[in-house]
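Listed below, chain by chain, are the residues.
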Amino acid sequence: MSNKLNLLFKVFTSPKRLRTLLSFNDKGYLDEVGWFNAFDTQSPVDQDNNPIPWVTYSFIDFIKGRLNRQHTVFEFGSGNSTYFYAKYAGIVVSVEHDKEWFDKIVNTKPENAEMIFCELVRDGDYCRMPLKLEETFDIIIVDGRDRVNCCKQAVKAVSENGVIVLDDSEREFYKEGITYLTNKGFKELAFTGISPGLFYRKATSVFYRPENCLNI
């Protein structure tokens, strides 16, 4: 609480800072990326209210210019990200553990997206879903539950030139997954910054090998 009070004191005792903050809702970066739309709706959307993933804006800028219809995407977790990736990639497959959420969006999913419901059991079928499909994917997004085990299983399901994306990679309890990926020969490219509707610093990391499908 003392940190918040200190921040408020710094803002309200400086007219210049206060004027700048008040102007952010009609000009500047936050308005351009749709941050206020996401804040108001409490959902990840862009400046035109189109769905986007709940990842860092820097990663969104990076990935949307590199995805194409030849790419196949698997994502742990579903939602606005499913619509976003389906807009740019050829095929998107999502596994979702929340039945209520699954039932809410499955009927409006894009034509090139497939959604799979799977109950969440740590180190169970959920994290192994891409392997159970007996397919490989160019891009595997780890943005659901049981993320460390999802990272470990993703190595076996990603294509030879594929990449693995881990959201919230700054969190200490995902370090085991990051170490596992780097020990398997993946390099990490972290995109840090803010994300839709949120104002704390986070990271979304891409793990890649040479000759990867995103030309890193």
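Whatever comes next refers back to the structure up there.
Quick summary incoming for the structure in this document. Everything numeric here is computed off the predicted structure, so don't read it as measured data.

Turning our eyes to something else, we now look at the packing of aromatic side chains. Counting across every chain of the model gives 14 aromatic pairs. Judged by centre distance (6.1 Å) and plane angle (85 degrees), the ring pair of Tyr 29 and Tyr 57 falls under edge-to-face. Residue Tyr 29 is found in helix H3 (residues 29–33), and its partner Tyr 57 is found in helix H5 (residues 57–64); the two are separated by 28 residues along the sequence. Classification of Tyr 29 by relative accessible area gives partly exposed; the value is 41%. Ring centres of Phe 59 and Phe 191 lie 6.0 Å apart, and the angle between their planes is 65 degrees; on these two criteria the pair is classed as edge-to-face. A residue pair is termed long-range when its members are at least 10 positions apart, and Phe 59 in helix H5 and Phe 191 in strand S6 (residues 187–193) qualify at 132 residues. Judged by relative accessible area, which is 12%, Phe 191 ranks as buried. Members of the aromatic cluster, joined through ring pairs, are Trp 35, Phe 36, Phe 39 and Phe 199. Directly above the ring of Phe 117 sits Lys 99, whose terminal nitrogen or CZ lies 5.8 Å from the centroid.

A few words now on the pairing of strand S7 (residues 202–208). S7 sits mainly inside the fold: seven of its seven residues count as buried. With seven bridges connecting them, S6 and S7 associate as antiparallel partners. Its bridge partner being in S7, Leu 189 is matched across the sheet by Val 206.

Of all six residues in strand S2 (residues 91–96), five are buried, a share of seventy percent or more. Relative to S2, strand S1 (residues 72–76) runs parallel, the two being bridged by five bridges. Each residue of the ladder has a partner; that of Thr 72, found in S2, is Ile 91. Crossover connection from S1 via helix H6 (residues 80–88) to parallel S2: handedness right-handed. Across five bridges, S2 lies against strand S3 (residues 113–117) in parallel orientation.

What follows is about the sheet that holds S2. The strands making up a sheet associate through hydrogen bonds between their backbones, and the pairing can be parallel or antiparallel. With respect to topology, seven strands assemble into an open sheet ordered S3-S2-S1-S4-S5-S7-S6, the strand pairing being mixed. The open sheet has two edge strands, S3 and S6, and neither has a second partner. Ignoring strand direction, the axes of neighbouring strands in this sheet form an average angle of 15 degrees. Packed onto the sheet, H5 meets strand S5 (158–167), S6 and S7 and runs at close to 125 degrees relative to S6.

Here the focus is helix H10 (residues 175–183). Residues of H10 that are buried include every one of Gly 177, Ile 178 and Leu 181, and no others. One face of H10 carries all of its buried residues, which in axial projection span an arc of 100 degrees. Looking at the buried positions of H10, the neighbouring elements they touch are helix H9 (147–157), S5, S6 and S7. Directly after H10, the chain includes Gly 185, whose backbone phi takes a positive value near 100 degrees.

Of the voids in this model, the largest pocket is the one considered here, and its volume is about 610 Å³. Considering the residues around the largest pocket, the lining is formed by 28 residues, among which Trp 54, Gly 77, Ser 78, Trp 101 and Asp 143 are closest to the centre. Counting residues per element, the ones that place at least two in the lining of the largest pocket are S1 and H6. Considered class by class, the residues forming the lining of the largest pocket number nine nonpolar, nine polar and 10 charged.

A word on the pattern of salt bridges. Evaluation of the coordinates by the stated rule reveals 10 salt bridges. Salt-bridge contacts for Lys 132 lead to Asp 125; the nearest nitrogen and oxygen are separated by 3.9 Å. Given the relative accessible area of 43%, Asp 125 is considered partly exposed. Notably, a salt bridge pairs Asp 168 with Arg 147, separated by 3.1 Å at the nearest N-O pair.

Attention now moves to the packing of H9 against H10. At a minimum axis distance of 8 Å, the contact between H9 and H10 shows a crossing angle of 15 degrees. Considering their axes alone, H9 and H10 lie roughly parallel with respect to each other. Viewed along their axes, H9 and H10 form a crossing whose handedness is right-handed. Note on element contacts: H10 touches H9 through Glu 176, Gly 177, Tyr 180 and Leu 181, opposite Val 148, Cys 151, Lys 152 and Val 155. Residue composition of the contact of H9 with H10, by class: five nonpolar, one polar and two charged.

Thresholds, definitions, all that
Residues numbered from 1 in each chain as written. Predicted model: local features only at pLDDT ≥ 70, side-chain atom pairs only at ≥ 80, totals over all residues. Heavy atoms only, no water. Phe/Tyr/Trp six-rings, centres within 6.5 Å; stacked < 30°, edge-to-face > 60°. Helix = DSSP H or I, 4+ residues; strand = E, 2+ residues; numbered from the N terminus. Buried < 20%, exposed > 50% of the residue type's maximum accessible area, 1.4 Å probe, protein only. Lys NZ or Arg CZ within 6 Å of the ring centre and 35° of its normal. Pairing = 2+ DSSP bridges. Right-handed = clockwise from strand over helix to strand, strands pointing away. Axes fitted to C-alpha atoms, helices over the stretch in contact; angles between N-to-C directions. Contact = heavy atoms within 4.5 Å. Arc of directions from axis to C-beta. 1 Å grid on protein atoms, 1.4 Å probe; cavity = no way out; pocket = protein on both sides within 12 Å on 5 of 7 lines; lining within 4 Å. Points joined across faces, edges and corners; volume = space filled by probe spheres on them. Nonpolar A, V, L, I, M, F, W, Y, C, P; charged D, E, K, R; others polar. Salt bridge = Lys/Arg side-chain N within 4 Å of Asp/Glu carboxyl O. Parallel < 35°, antiparallel > 145°, perpendicular 65-115°, else oblique. Left-handed = near helix turned anticlockwise from the far one by under 90°.

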